[in-house]
Amino acid sequence: MTTLASLIRSALIGIDKYELNLESSLRDAVKLSKMAILHEGDAPIAGIRGPPGTGKTKVMEGLVDDKDIINELLNGGYKFMYIAPTNELTISGFARALRPIIMMLQKSGLSIDKILIKIRIYGSAIPRPYFGDDLKELTNYAHVSKDVLKNMVHGGIDDALFVFTTDYQRASSRMRKSGYKFIPFIDEASKMPFYLPFNPISDAGLRALAQGSAGIMHSLVIVGDDRQAVAVGPEYQGYGRFLLALPKVEEVLRSLDSRQFMTLDTTFRLPEPTQQPISDGFYSDVGIQLKAAEYAKKRLEDRLRNINWKERLGKCKGFANDYLWSRVINSVEGALSSLIPIIMVNTKKAIGPGEYSEPVRVKLAAYYAILLRCLLGNDIGISVIGPYRDLVEDVRYYLRKIGGVNINVRLLTVQSMLGGEDDIVIALLGKEWSTNSRDDEGLTIYFREPENLNVQLSRHRLMLIIIGDIQRLRRTAAKIAQRSGLSFRKIIEENASRIRETLDTLFSLAEVNSLRNLPSKKVSDNVVFMRVD
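Residues numbered from 1 in each chain as written. Predicted model: local features only at pLDDT ≥ 70, side-chain atom pairs only at ≥ 80, totals over all residues. Heavy atoms only, no water.

As for the overall build of the chain
Where we set the bar: Here a strand is any run of E in DSSP of at least two residues, a helix any run of H or I of at least four, and the numbering for each starts at the N terminus. Atoms considered for the radius of gyration are the C-alpha atoms alone. The globule rule reads 2.2 Å times the number of residues to the power 0.38. For the exposure calls, accessible area comes from a 1.4 Å probe over protein chains only, and a residue counts as buried if that area is under 20% of its type's maximum, exposed if over 50%, partly exposed in between. Accessibility throughout is a Shrake-Rupley quantity obtained with a 1.4 Å probe, and a residue counts as covered only by protein chains that appear here. The charged-residue count follows a simple rule in which Lys and Arg add positive charge and Asp and Glu add negative charge, with His and chain termini not counted at all. Charge placement uses NZ in Lys and CZ in Arg. For Asp and Glu, CG and CD serve respectively.
Looking only at helices and strands, one finds 22 helices and 16 strands in the chain. Taken over the C-alpha trace, the chain has a radius of gyration of 25 Å; the compact-globule value for 533 residues is 24 Å, and the two agree within 12%. By principal-axis analysis of the C-alpha atoms, the chain measures approximately 70 × 60 × 40 Å. Looking at the 533 residues of the chain, the share that counts as buried comes to 58%. For the chain, the accessible surface area stands at approximately 22,500 Å², while carbon and sulfur atoms represent 47% of it. Side chains of the chain carry 72 positive and 62 negative charges; the gap between the two charge centres is 3 Å.

Considerations on unusual backbone geometry
With the exception of glycine, most residues fall at negative phi, and the peptide bonds are largely trans. Cis rather than trans, the peptide bond between Glu272 and Pro273 has omega equal to 0°. With respect to the helices and strands, the residue Pro273 is situated in the loop between β8 (266–267) and α11 (276–283). One non-glycine residue with positive phi stands out, namely His39, at about 60°. Tracing the backbone through its elements, the reader meets His39 in the loop between α2 (25–37) and β1 (45–49). Residue classification places His39 among the partly exposed residues on the basis of a relative accessible area of 44%. In this structure, Leu339 is a non-glycine residue whose phi angle is positive, near 55°. Relative to the helices and strands, Leu339 resides in the loop between α15 (323–337) and β10 (342–347). With relative accessibility at 35%, the residue Leu339 sits in the partly exposed group.

Looking at the state of the cysteines
Stated precisely, the cut-off is as follows: Cysteine sulfur atoms are paired as a disulfide whenever they fall within 2.5 Å.
This structure, assessed with the given rule, holds 1 disulfide. Sulfur-sulfur distance for the disulfide between Cys316 and Cys374 comes to 1.9 Å. Between Cys316 and Cys374 the disulfide shows an S-S torsion of about -100°. By sign, it is left-handed. Of this pair, Cys316 sits in the loop between α14 (309–313) and α15 while Cys374 sits in helix α16 (residues 359–376), placing them 58 residues apart in sequence.

Brief notes about the sheet that holds strand β2 (residues 78–84)
Basically, it comes down to this: For two strands to pair, DSSP has to find at least two bridges joining them. Every axis in this analysis is a line fitted to C-alpha atoms, fitted for helices over the stretch in contact. Angles between the N-to-C directions lie between 0 and 180 degrees. The contact criterion used is simple: two residues touch if any of their non-hydrogen atoms lie within 4.5 Å.
Spatial strand order, β3-β4-β2-β5-β6-β1-β7: 7 strands in an open sheet with parallel pairing. With one partner strand each, in any of the chains shown, β3 (119–122) and β7 (261–263) form the two edges of the open sheet. Adjacent strand axes in the sheet meet at a mean angle of 15° when their direction is disregarded. Both β3 and strand β4 (residues 162–166) contribute to a ladder of 4 bridges, which runs parallel. Bridge assignment links Arg120 to a residue of β4, and that residue is Val163. Sheet strands in contact with α2 are β1, β2, β5 (181–186), β6 (220–224) and β7, and its direction is about 160° off that of β1. Helix α3 (residues 56–64) contacts β1, β2, β4, β5 and β6 of the sheet and is inclined by roughly 165° relative to β2.

Section: the sheet that holds strand β13 (residues 422–428)
Adjacent strands of a sheet pair through backbone hydrogen bonds, lying either parallel or antiparallel. Spatial strand order, β12-β11-β13-β14-β10-β16-β15: 7 strands in an open sheet with mixed pairing. Looking along the sheet, the strands with just one partner apiece sit at the ends: β12 (410–413) and β15 (521–523). When strand polarity is set aside, the average angle formed by the axes of neighbouring strands in this sheet is 15°.

Quick notes on the packing of aromatic side chains
Each aromatic ring pair is summarised here by two numbers: the centre-to-centre distance and the angle between the ring planes. Cut-off, in case you're wondering: In this analysis, rings of Phe, Tyr and Trp, with Trp reduced to its six-membered ring, are considered paired at centre separations within 6.5 Å, and the interplanar angle assigns stacked below 30 degrees, edge-to-face beyond 60, and tilted for intermediate values. By the criterion adopted, a ring carries a charge over it if an Arg CZ or a Lys NZ lies within 6 Å of its centre and within 35 degrees of its normal.
This structure, assessed with the given rule, holds 10 aromatic pairs. Here Tyr82 and Phe185 contribute two aromatic rings whose centre-to-centre distance is 6.0 Å and whose plane-to-plane angle is 15°, an arrangement assigned as stacked. Note that Tyr82 is positioned in strand β2 and Phe185 in strand β5, a separation of 103 residues in sequence. Residue Tyr82 is classed as buried on the basis of its relative accessible area of 0%. Looking at Phe185, the relative accessible area reads 0%, which means it is buried. Among the aromatic residues, those joined into a cluster by ring pairs are Phe80, Tyr82, Phe94, Phe162, Phe164 and Phe185. Sitting over the ring of Tyr180, Lys79 keeps its end group 4.4 Å from the ring centre. Stacked on the ring of Tyr122, the Lys or Arg Arg174 has its end atom at 3.7 Å from the ring centre.

Section: the packing of α3 against helix α5 (residues 87–106)
Rule in force here: Just so you know how the angles are binned, under 35 degrees is roughly parallel, over 145 roughly antiparallel, 65 to 115 roughly perpendicular, and the rest oblique. Should the near helix be turned counterclockwise from the far one by less than a right angle, the crossing is left-handed, whereas a clockwise turn marks it as right-handed. For this classification, Asp, Glu, Lys and Arg are treated as charged, while Ala, Val, Leu, Ile, Met, Phe, Trp, Tyr, Cys and Pro are nonpolar and the rest, including Gly, are polar.
Close contact between α3 and α5 brings their axes to 8 Å; oriented N to C, the two are set at 25°. As summarised for this structure, α3 and α5 are arranged roughly parallel, according to the angle between their axes. By crossing handedness, the relation of α3 to α5 is classed as right-handed. Facing Thr57, Lys58, Met60, Glu61 and Val64 of α3, the residues of α5 in contact are Leu89, Gly93, Arg96, Ala97, Pro100, Ile101 and Met104. Here the contact of α3 with α5 is built from residues that sort into 7 nonpolar, 2 polar and 3 charged.

Focus on the packing of helix α1 (residues 4–12) against helix α8 (residues 146–154)
Packing of α1 against α8 leaves a shortest axis separation of 10 Å and a crossing angle of 105°. Overall, the two elements α1 and α8 adopt an arrangement that is roughly perpendicular. Along its contact with α1, which presents Leu4, Ala5 and Ile8, the element α8 presents Leu149, Met152 and Val153. Looking at the contact of α1 with α8, its residues break down into 6 nonpolar, no polar and no charged.

Description of the confidence of the model for the chain
Parts of the model with low pLDDT should not have their predicted coordinates read in detail. Note the threshold: Every residue gets a pLDDT, meaning the predictor's confidence in that residue, from 0 to 100.
Here the chain averages 89 in pLDDT, and 93% of its residues register 70 or above. Note on residues 438–442: pLDDT is under 50 here. Beyond four places in sequence and across chains, it has 10 contacts.

What to know about the environment of Tyr180
We apply this condition: Two N or O atoms count as a polar contact when they lie within 3.5 Å, although within protein this holds only if one can serve as hydrogen donor and the other as acceptor, and sequence-adjacent residues are included solely when both atoms are side-chain atoms.
By secondary structure assignment, the location of Tyr180 is in the loop between β4 and β5. What Tyr180 contacts, discounting residues up to four positions off in sequence, is Lys79, Asp158, Met175 and Ile216. Polar contacts involving the side chain of Tyr180 include one to the side chain of Asp158, which spans 2.8 Å.

Considerations on the side chain of Asp158
For Asp158, the location among the structural elements is in the loop between α8 and β4. Owing to a relative accessible area of 9%, Asp158 belongs among the buried residues under this scheme. The residues contacting Asp158, other than those within four sequence positions of it, are Lys79, Arg174, Met175, Arg176, Lys177 and Tyr180.

Printed below as a string of structure tokens:
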């Protein structure tokens, strides 16, 4: 069981060897954020858009590892508040920040227990302070009492320098005094309405307003990716997206002629060239070409080096008389042999109106999961993600039906996978068509929320497998993108353009030049393409 005591103990182990290495645009993002916090730039606000895998949370880690920021907190009486939309991300941010915070405050002469007194973590599902022998094991590294750990979760924030909280907590209600200034760092502000991340300090803000005093924010740093804003609610779809936190901050900074908004341009997750489709479809309009980090390019080769998958191929029990099984084997063998990171499977059976699943893509997903787990063993993570719960649950049911119930595979909806990643991702497409209706209610999921496609194509570290009627999705997108109409429809046409550009790049990587007559199979340097009729 994970507890605060175990997280702190993990941070203390090898802390003397800790060194934060920031690459490429991450250094610029930390510098930009630091300028905002120290009021050395043109505004006390910094906004950072982070496409998938670009290390958005590392910006926070870089700030708490900076001596000038620590001095600002110690000498200015400010409180650094990390705000995230989920308990999981709040805990992750807390765990990543512990080492640099402890190291920096130790340099100020503080002991471990005195440092922990200055840290709070709030949320509805925060780990227990300690359990079993966790506290005893922690005391092997530092003298920390039960009361200190309890205070980190339940105590007020008057003595705190660092507060880690979800956006649902009213952290300011735990203040006994007034007059504090906060430095909010808002993480993963992908689908937050503008007001939501300020909930933790809203009570104090109202009190400050009522008392006629200056605002309670000394500065603000916000990171996220509005191009992954899935399930934002109908009131924020369309032009209402500009009321989400990150686009709103971008708009404010632009109105001030500020240069303190940037987009990170290097992904440390996606291997080359799998970042190119989403780069072209979702980020080209902000003036960047998303790049893959050097070590991400070689990750598949490195992970396969000690796996004798060819020897296992003949031992993997399958479904010899099933046409789909033989096609799955053929495509996987081709991809692994040539270190190809993308498999595209074009199916012809659509998910119909009123339905949220389709048997061919369900069977294909199950077959890919079974084969890859057999070939690669349990050290390689595999996830199946789809836009509908029914689609994902049908894969789970089919795995049980064919005896794959014990296979270690994660089955998740797109919304559940937001912010997550895995080694191999099997992405099941949703409805690729759209109705002839001009009403928003007639739109299917990708044209209403193209961000779903962005998330599906950007969770993998090693390999991406796309299953669905990719051809039809591209044709529908091209048709909608060419429409002209009333201004309230413009956003839908922009959505379709993003999808079309994303899929055009995918087909280009696959070297499939004609969408009229798709090849039964084609292998390029980057994609194994397969048509299943």
